[in-house]
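Secondary and tertiary structure notes
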Amino acid sequence: MKHYGEYKNLFSKLYKESQIQLDAKMSEHIYFKVGGPVDILLTPNSIQQVKETITICKENNIPFYVIGNGSNILVKDGGIRGVVIKLCELNKIECIGNKVIAECGALLKDVSKAATEGSLAGVQFACGIPGSVGGAVFMNAGAYDGEISFVIESAEVLDDNQEIRIIPKAELNLGYRQSIVMQKGYIVLRATFNLVNGDKEKIQARVDELTKRREERQPLEYPSAGSTFKRPEGYFAGKLIEDAGLKGFTIGGACVSAKHAGFVINYNNGTAKDVLGVICHVKDEVKKQFGVDLYPEVRIWGED
Ligand SMILES: Cc1cc2nc3c(=O)[nH]c(=O)nc-3n(C[C@H](O)[C@H](O)[C@H](O)COP(=O)(O)OP(=O)(O)OC[C@H]3O[C@@H](n4cnc5c(N)ncnc54)[C@H](O)[C@@H]3O)c2cc1C
């Protein structure tokens with residue numbers, strides 16, 4: 001049952017009309033471009049607003065979800081009952097000495113750009129990851145031999161008691177696609193990255209090289225969530241899927257990319273059901289042919 005009228009009353013004292021969307025189509029907020037509506041989507045523009053929103057949700061037993069840039073989420077066709085808190089307005093980035101301090105909603109490409117402009121090296125691996133700082137810390141995003149754990153100094157979070165805390169890197173439990181943020185349900189508010197001084201031209205050249213590699217190898221022209229599956233130990237998901245003969249495997253408007261078998265793409269107005277159908281078939285076939293379990297990296301939310 002949808003609850004948006006009731007929820008609107010709870011949040012209208014805290015938010016301006018323009019920050020509240022009722023029955024918001026999640027397909028417009030996630031990279032996959034599928035999924036039904038959420039009861040209410042809120043776009044806070046301050047840390048205080050985030051904190052108060054969580055308090056209201058917890059006091060009223062309202063399920064809530066936070067999103068950064070929506071590049072690693074699949075919402076089912078029945079949508080989400082509850083509240084989605086979209087953090088894109090919290091996007092300030094500051095360079096101080098060899099540190100970059102970025103709010104949770106800042107995009108990784110903008111963090112990489114700010115670092116490059118300041119001749120700071122270390123975070124360029126992330127220039128083509130289409131996520132936000134919060135989403136990247138949540139899953140310790142990584143690419144091309146770099147990952148968040150190599151460069152983060154600390155993260156400021158809202159913990160499960162709604163206290164704001166600074167967690168140093170050593171306590172963030174960053175591992176392959178995991179963090180304390182994921183384990184404990186914290187919300188990342190800000191992160192500090194510790195970078196090294198470098199040569200601006202060389203740093204820019206690295207960004208250009210990585211961008212070219214992505215464009216050549218990944219189906220960036222279609223909606224997706226990047227690599228659909230986590231890397232199983234000792235294997236590469238994309239290679240297993242290709243070897244299973246699944247490149248191009250299609251259900252409705254979703255398929256396994258012919259360019260990169262690790263990506264399930266929404267190539268022609270697919271639904272979440274189509275995408276999930278492809279994911280299930282790939283999982284089953286890879287298990288049947290190679291005895292390897294694949295687990296989705298993408299977060300799957302909502303109702304059928
Ligand atoms: C074309 C493409 C290429 C990609 N390439 C890569 C790659 O090379 N490497 C890689 O690691 N990933 C890659 N991804 C996946 C994705 O970009 C990353 O996982 C990214 O870190 C997700 O960030 P986001 O802001 O979009 O998170 P969202 O998709 O918005 O959210 C993902 C999860 O993070 C949580 N989250 C978001 N913000 C916060 C916050 N502030 N506090 C707590 N939790 C939060 C959400 O609740 C959700 O559970 C790719 C995706 C696409 C579409």
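Here goes a summary of the coordinates provided. (Residues numbered from 1 in each chain as written. Predicted model: local features only at pLDDT ≥ 70, side-chain atom pairs only at ≥ 80, totals over all residues. Heavy atoms only, no water.)

1. As for unusual backbone geometry
Positive phi, close to 45 degrees, is recorded for Tyr144, a residue that is not glycine. Residue placement: Tyr144 occurs in the loop between strand S9 (142-143) and strand S10 (146-147). In the Ramachandran plot, Gln162 falls in the positive-phi region, its phi being about 60 degrees despite a non-glycine side chain. Tracing the chain through its elements places Gln162 in the loop between strand S11 (152-158) and strand S12 (164-168). Judged by its relative accessible area of 15%, Gln162 falls in the buried class. (Helix = DSSP H or I, 4+ residues; strand = E, 2+ residues; numbered from the N terminus. Buried < 20%, exposed > 50% of the residue type's maximum accessible area, 1.4 Å probe, protein only.)

2. Some thoughts on the packing of helix H3 (residues 108-117) against helix H7 (residues 200-217)
Where H3 contacts H7, the two axes come as close as 9 Å, and the packing angle between them is 155 degrees. As far as their axial angle goes, H7 and H3 are roughly antiparallel. Contact residues: H3 offers Ser112, Thr116 and Glu117, while H7 offers Lys200, Ile203, Gln204 and Val207. Of the residues in the contact of H3 with H7, the class split is two nonpolar, three polar and two charged. (Axes fitted to C-alpha atoms, helices over the stretch in contact; angles between N-to-C directions. Parallel < 35°, antiparallel > 145°, perpendicular 65-115°, else oblique. Contact = heavy atoms within 4.5 Å. Nonpolar A, V, L, I, M, F, W, Y, C, P; charged D, E, K, R; others polar.)

3. Observations concerning H3
When we look at burial in H3, the residues that qualify are Leu108, Val111, Ser112, Ala114, Ala115 and Thr116. Immediately beyond the C-terminal end of H3, within one or two residues, lies Ser119, with a positive phi of roughly 55 degrees.

4. What to know about the environment of Asp110
Note on placement: Asp110 falls in helix H3. Each C-alpha atom of the pair Asp110 and Ile279 lies 31 Å from the other, and the pair is 169 residues apart in sequence.

5. What about the packing of aromatic side chains?
Taken as a whole and assessed by the stated rule, the structure comprises two aromatic pairs. With a centroid separation of 6.4 Å and an interplanar angle of 65 degrees, the aromatic rings of Phe11 and Tyr15 are classed as edge-to-face. Taking relative accessible area as the criterion, Tyr15 reaches 5% and is therefore assigned buried. Centre to centre, the rings of Tyr65 and Trp301 are 4.9 Å apart; their planes meet at 45 degrees, and the pair counts as tilted. Taken together, the residues span a long stretch of sequence, with Tyr65 in strand S3 (residues 64-67) and Trp301 in strand S18 (residues 299-301) at a distance of 236 residues. Over the aromatic face of Tyr176 sits the side chain of Arg231, whose NZ or CZ is 4.6 Å from the ring centroid. (Phe/Tyr/Trp six-rings, centres within 6.5 Å; stacked < 30°, edge-to-face > 60°. Lys NZ or Arg CZ within 6 Å of the ring centre and 35° of its normal.)

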